[in-house]
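Geometric and topological summary
Next come the chains, spelled out residue by residue.
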Amino acid sequence: MTTEIAVDVDSINKPYWDGLKQGQLFYQACQCGHHWLPPSRHCPACLNENVTWQQASGEATVVSWVVYHVAYNPEFKDRLPYNVAIVRLREGPQLITNIEGDTQRLAVGETVRLKVDLGLEQPLARFSI
Amino acid sequence: MGAQMMRGKYVIAGIGNTAFGKLGLDTVTLNVMACKAALEDAGVDKVDVDALLLKTPTSAKEILYGQKVAQAMGMQPRWGGAWDQGGAANLTLINIAMMAIETGQCEIALVSYADNPRSGNRQVYGRPRGNDAAYGWFSTAAGYGMIHRAHVAQYQTDPRAFGEFAIAVRKHGAQNPNAQLQKAISMDDYLASAWVVDPLRRDDCCLVSDGAAAVVVMSAEKARQLQVREPVPILGIGGAQESYDVHLRPCLTTTQAARSAKLAFEMAGVKPADISVAQIYDCFTITGLMTLEDYGFCDKGGVYEFVRDGQIQHGGRLPVNTSGGLLSETGTPGLPLVLEAVRQVRGSANLQVPDVRYSLVSNQGGTMHTHATMILGA
Ligand SMILES: [Zn+2]
């Protein structure tokens, strides 16, 4: 799967996208105990600015998923049907991703593992079943 | 409690709408058409309206939109503006109108909404979702698909539950001469309907429509003074919001509809079993089913038993979306449902339910981000 949808990298989310270039998925953490994505300047739980980055183990569970049979963007026309999933990292943060592998086995609650797609100009955090 | 003191103190004094479908008119013009019709229905002169409250058009947001419509109406209302809260904005604006009148800020409010994505631009419904578009995360439908899937996974929801909802609403719309889509479907049709974003089928998804609707809100006392012909009392109203994007929610199968409804039911002093007819926001079938559950018409996960065998069709236990809802009458969000709720109390609905005592309407916006509930009654 390739994609040419450019991501918008800014001063707040740059460590996230740089991490993926190294094959690593980072999420944000606060001393209040909250872990989250997408990246933000403040902790959404306590609004503290002392945000740190932590590396995810890569283990996640499927929260839900959909399979597109319509391409809302021409870049995805040749990929139909393709899935988009919500996964919850073992550490708590949830994110949008694609699931690769034996997707016939895809189910809510299924365990999936991080498989960063390094073949892209900007690697993406995909997961494998 | 302040809310209970408001019970029945305010009314919908007039309703108006345009045709629905592909109209080829700009949204300001459509708003004027609906407002004119609502004022005529109420028997109110525009010079007496001192609040003009609009929901922003979904498909093309504009700066100072409320003032543009006021200008086109030739009005200088003391209060005016456009509210951005998705489909729940309509009921929220009625709520705001009541509060503004209660505190003496205005006396007569027009609440209106228009959009023209069918002849204009409908890209908003397929829009990229920030950086997640790199994963192919586009559209409004997909977020509802995530919720639909999660509900099926958690409760083993029968696919026919979704079908029953679509069948009932489409059947009602087929009997509404003003409906954009007048075509009933069978369960076989539903189950054979093409995937859009699996698990959503074409027949799970609402229409894309041009159209407008408007209501006039004032106190019951003012309506008596003005000898308004058919004022319909607002017995309960409430709102609540989820706020978070679908993929950040801790639970996909509960919505803030429950909190919104609790306030409206408490204010009205009624229970779900007291409701005679319901207009349930149905941008997608999952929205309608989860609203029925969260409002307490049935247990969570029990919605198939509640809707099956035509129980939400006209003549059934709780007729739902008697003018055809978003799936059949018009995709124009929210206010057309309010208009039908009003007609059911007045006894002037096309598919009239007999002896309507309490008429309920739900509105919601975003991907179940926002919710609002209103109970009208005789
Ligand atoms: Zn914190």
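Here we summarise the structure given alongside this text. (Residues numbered from 1 in each chain as written. Chains lettered and ligands numbered in written order. Predicted model: local features only at pLDDT ≥ 70, side-chain atom pairs only at ≥ 80, totals over all residues. Heavy atoms only, no water.)

1. Examining the coordination of the zinc ion
Residues and elements named next belong to chain A.
- Around the zinc ion, the protein contributes the donor atoms Cys 30 (SG), Cys 32 (SG), Cys 43 (SG) and Cys 46 (SG), at 2.3 Å from the metal centre.
- Bound by four donor atoms, the zinc ion shows angles of 98 to 117° at the metal and therefore tetrahedral coordination geometry.
- Binding-site remark: the zinc ion is held by donors from one chain whose sequence spacing is C-x1-C-x10-C-x2-C. In this pair, Cys 32 sits in the loop between strand S1 (26-29) and strand S2 (35-36) while Cys 46 sits in the loop between S2 and strand S3 (52-55), placing the two residues 14 residues apart along the sequence. (Donors = N, O, S within 2.8 Å, 3.2 Å for Na, K, Ca; no water. Tetrahedral: all angles 85-135°; square planar, octahedral: opposite > 155°, others 65-115°. Helix = DSSP H or I, 4+ residues; strand = E, 2+ residues; numbered from the N terminus.)

2. Remarks on the sheet that holds strand S4 (residues 108-115) of chain B
All names here are of chain B.
- Read from one edge of the open sheet, nine strands run S3-S2-S4-S7-S1-S8-S11-S10-S9, paired in mixed fashion. The open sheet is flanked by strand S3 (79-83) and strand S9 (277-279), the only strands paired with a single partner. Looking at each pair of strands side by side, their axes are set apart by 25° on average, direction ignored.
- Two strands pair when backbone bridges link them, and strand S2 (residues 51-55) and S4 are joined in this way by four bridges, in the parallel orientation. Along S4, the bridge assignment pairs Ala 51 with Ala 109. (Pairing = 2+ DSSP bridges. Axes fitted to C-alpha atoms, helices over the stretch in contact; angles between N-to-C directions.)

3. Quick look at the pattern of salt bridges
- Tallied over the entire structure, the rule returns 24 salt bridges over all chains.
- Where A:Glu100 meets A:Lys115, a salt bridge forms, and the shortest distance between an N and an O atom there is 3.4 Å. Of the two residues, A:Glu100 is situated in strand S7 (residues 99-100) and A:Lys115 in strand S8 (residues 111-117); the sequence distance between them amounts to 15 residues.
- Assessed through its relative accessible area of 17%, A:Glu100 is described here as buried.
- Assessed through its relative accessible area of 46%, A:Lys115 is described here as partly exposed.
- Two residues, B:Asp294 and B:Lys300, come together in a salt bridge whose shortest N-O distance is 2.8 Å.
- Taking relative accessible area as the criterion, B:Lys300 reaches 28% and is therefore assigned partly exposed. (Salt bridge = Lys/Arg side-chain N within 4 Å of Asp/Glu carboxyl O. Buried < 20%, exposed > 50% of the residue type's maximum accessible area, 1.4 Å probe, protein only.)

4. Things to note about the packing of helix H5 (residues 141-155) of chain B against helix H10 (residues 285-294) of chain B
All names here are of chain B.
- Running from amino to carboxyl end, H5 crosses H10 at an angle of 55°, the nearest separation of the two axes being 10 Å. Our classification of the angle between H5 and H10 gives oblique. Judged by the twist between their axes, the crossing of H5 over H10 is left-handed. The residues of H10 that touch H5, namely those facing Tyr 144, Ile 147, His 148 and His 151, are Ile 286, Thr 287, Met 290 and Glu 293.
- The residue inventory of the contact of H5 with H10, partitioned by class, reads four nonpolar, three polar and one charged. (Parallel < 35°, antiparallel > 145°, perpendicular 65-115°, else oblique. Left-handed = near helix turned anticlockwise from the far one by under 90°. Contact = heavy atoms within 4.5 Å. Nonpolar A, V, L, I, M, F, W, Y, C, P; charged D, E, K, R; others polar.)

5. Description of the interface of chain A and chain B
- With 34 residues of chain A at the contact, the number on the chain B side is 28 residues.
- Regarding the contact of chain A and chain B, the summed buried area is about 2500 Å², with carbon and sulfur atoms giving 64% of it.
- Ranking the residues of chain A by area buried against chain B places A:Val66, A:Tyr72 and A:Ile96 at the top, with a combined share of 26%.
- At the boundary of chain A with chain B, the tally comes to 14 residue pairs in polar contact (both at pLDDT 80 or more).
- For the side of chain A that touches chain B, the elements supplying multiple residues, two or more each, are strand S4 (59-68), strand S5 (82-89), strand S6 (94-97) and strand S9 (124-128) of chain A. (Buried area = accessible area lost by both parts, 1.4 Å probe. Polar contact = N/O pair within 3.5 Å; in protein donor to acceptor, adjacent residues only side chain to side chain.)

6. Comments concerning the sheet that holds S1(A)
All names here are of chain A.
- Spatially, the three strands line up as an open sheet ordered S2-S1-S3, and their pairing is antiparallel. With partners counted over all chains shown, the strands left at the sheet margins are S2 and S3, one partner each.
- In the sheet, S1 pairs with S3 via four bridges, with the strands oriented antiparallel. Following the sheet pairing, Ala 29 is matched in S3 by Thr 52.

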